[in-house]
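# Examination of the molecular architecture
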Amino acid sequence: MALQCGIVGLPNVGKSTLFNCLSNAKAQAANFPFCTIEPNVGVITVPDERLNKLAELVHPNRIVPTTVEIVDIAGLVKGASKGEGLGNKFLANIRETDAIIHVLRCFDDENVVHVDGSVNPIRDKEIIDYELQLKDLDTIDSRIQKVQKQAVTGGDKVAKMTYDVLAKYKAVLEQGKSARTVQFETKDEQKLAKELYLLTSKPVLYVCNVDEASAVNGNKYVELVREAIKEEDAQLLIVAAKIESEIAEFETFEEREMFLSEIGLVESGVARLIKSAYTLLNLETYFTAGVQEVRAWTYLKGSKAPQCAGVIHTDFEKGFIRAEVIKYHDFIEYGSEAAVKEAGKLGVEGKEYVVEDGDIMHFRFNV
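In what follows, the accompanying structure is described. This structure is a prediction, so every number in the text was calculated from the model and none was measured.

### Observations regarding a negative patch on the surface
- A cluster of like negative charges, contributed by Asp-108, Asp-211, Glu-212 and Glu-246, occupies part of the molecular surface.
- Checked against the element boundaries, Asp-108 lands in the loop between strand 6 (99-105) and helix 4 (121-154).

### Notes on empty space enclosed by the protein
- In this structure the tally under the stated criterion is 2 cavities of 30 Å³ or more.
- Estimates place the volume of the largest cavity at around 50 Å³.
- Lining of the largest cavity is provided by Val-8, Ile-100, His-102, Ile-128, Asp-129, Leu-132, Arg-180, Val-204 and Tyr-206.
- The element contributing the most residues to the lining of the largest cavity is helix 4, with 3 residues.

### Examining helix 9 (residues 253-263)
- When we look at burial in helix 9, the residues that qualify are Arg-256, Phe-259, Leu-260 and Ile-263. Each buried residue of helix 9 sits inside an arc of 100 degrees when the element is viewed along its axis, so together they form one side. Turned more than 90 degrees from where helix 9 packs its buried face, Glu-254, Met-258, Ser-261 and Glu-262 sit exposed.
- If you follow the buried residues of helix 9, they end up packed against helix 8 (241-249).

### Overview of the packing of helix 5 (residues 157-174) against helix 6 (residues 187-194)
- Contact geometry of helix 5 with helix 6 gives a least axis separation of 10 Å together with a crossing angle of 65 degrees. One finds that helix 5 runs roughly perpendicular with respect to helix 6. Here helix 5 and helix 6 pass one another in a crossing that is right-handed. Residues Met-161, Thr-162, Val-165 and Tyr-169 of helix 5 form the contact with helix 6, whose own contacting residues are Asp-188, Glu-189, Leu-192 and Ala-193.
- Here the residues of the contact of helix 5 with helix 6 sort into 5 nonpolar, 1 polar and 2 charged.

### Focus: the pattern of salt bridges
- Under the definition given, this model contains 22 salt bridges.
- With a closest N to O distance of 2.9 Å, Glu-232 and Lys-125 form a salt bridge. Of this pair, Glu-232 sits in the loop between helix 7 (220-228) and strand 8 (234-239) while Lys-125 sits in helix 4; the two residues are 107 residues apart in sequence, bridging distant segments of the chain. Per residue, the accessibility class of Glu-232 equals that of Lys-125, and both read buried.
- In the salt-bridge network here, residues are joined through shared partners; they are Lys-125, Asp-129, Arg-180 and Glu-232.

### Things to note about the layout of surface pockets
- Its boundaries defined by the atoms lining it, the largest pocket holds a volume of some 1100 Å³.
- Along the walls of the largest pocket sit 26 residues, with Asp-98, Lys-194, Ser-201, Lys-202 and Pro-203 positioned nearest its centre.
- For the lining of the largest pocket, the elements supplying multiple residues, two or more each, are helix 6, strand 8 and helix 10 (269-280).
- When residues in the lining of the largest pocket are grouped by element, the largest group, 3 residues, is from helix 6.
- Of the residues belonging to the lining of the largest pocket, the class tally is 13 nonpolar, 7 polar and 6 charged.

The rules behind these values
Residues numbered from 1 in each chain as written. Predicted model: local features only at pLDDT ≥ 70, side-chain atom pairs only at ≥ 80, totals over all residues. Heavy atoms only, no water. Patch = residues over 30% accessible without salt bridge, like charges linked within 9 Å, V, L, I, M, F, W, Y side chains within 5 Å. Areas by Shrake-Rupley, 256 points an atom, 1.4 Å probe, with all protein chains shown as cover. Salt bridge = Lys/Arg side-chain N within 4 Å of Asp/Glu carboxyl O. Lys, Arg positive; Asp, Glu negative; His and termini not counted. Charge placed at Lys NZ, Arg CZ, Asp CG, Glu CD. Helix = DSSP H or I, 4+ residues; strand = E, 2+ residues; numbered from the N terminus. 1 Å grid on protein atoms, 1.4 Å probe; cavity = no way out; pocket = protein on both sides within 12 Å on 5 of 7 lines; lining within 4 Å. Points joined across faces, edges and corners; volume = space filled by probe spheres on them. Buried < 20%, exposed > 50% of the residue type's maximum accessible area, 1.4 Å probe, protein only. Arc of directions from axis to C-beta. Contact = heavy atoms within 4.5 Å. Axes fitted to C-alpha atoms, helices over the stretch in contact; angles between N-to-C directions. Parallel < 35°, antiparallel > 145°, perpendicular 65-115°, else oblique. Left-handed = near helix turned anticlockwise from the far one by under 90°. Nonpolar A, V, L, I, M, F, W, Y, C, P; charged D, E, K, R; others polar.

Honestly, it's all geometry; don't read function into it.
Right, here's the structure in full:
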């Protein structure tokens, strides 16, 4: 499941520093290795302590984590929606991603010049929002022209619903708000809305890049951002990119843990960023555990057993019979699949079972 998060931000906000922290070769020795598949695209494994604990009990030949693609999207300037700078290429790159990681500068440093002369994360946010909103308005206006006549005079119910969805988006965008602030009640409306692929309807994680002193509790800039996004369906994460660069230089995992402890952090910002990106995409993890491998599998939250089986192979979904399910905490408590069975804790589930995060699955199928 090649789902992507795109990192965006104005120059000198720390966007590339964060991306480079993810791609640093030394990170490959930790829990979140990174491999570059293009100059600006990396595949990063999602840190998951549960995978390691399962492996300690099962002793598999190999451990296979789950992954998320991170795309470093460059080229935004004022006027991008009209083709300025990399313009259309920048916007096309965002359109191809499933979610947006928006990096905002939330630190003062006279040695790092801001492109607009002063530190103001709200202004920076609004510049990018404005360009994306303008592009979405172009999309909306173009679609309205195509369906308006049918919707008003043709008696076409789908055209009428489409027009209503477009009109609702248009009203919000013209107020300077993002499409993600609009909620639709019916599944048909939600389906139509999703098919528009609007840039500002994508889920977004605002990453506040702070100085070391603000790495734990944030600062005044972070609070401004938190207030500005309270009506958006968005997440916020505090990261000190400069510290992340230092962490990436340590040779061993133990050295990194000690450094984090000294500054009051339990987990690195990079690890938290990867986990947040995974959550942002509405993804969860189930596991398969055997002598050959202990493996994490990615699925969309709310999926049923056959769909999750299909993540492994389409034949598993087509010929699905049942799923044998062990809850993660039961596996850890009893120590093995055999002990779980003996304790009567192994569940046998059918096609309507909604898979839960952390489930250990074994699928029975026949094709």
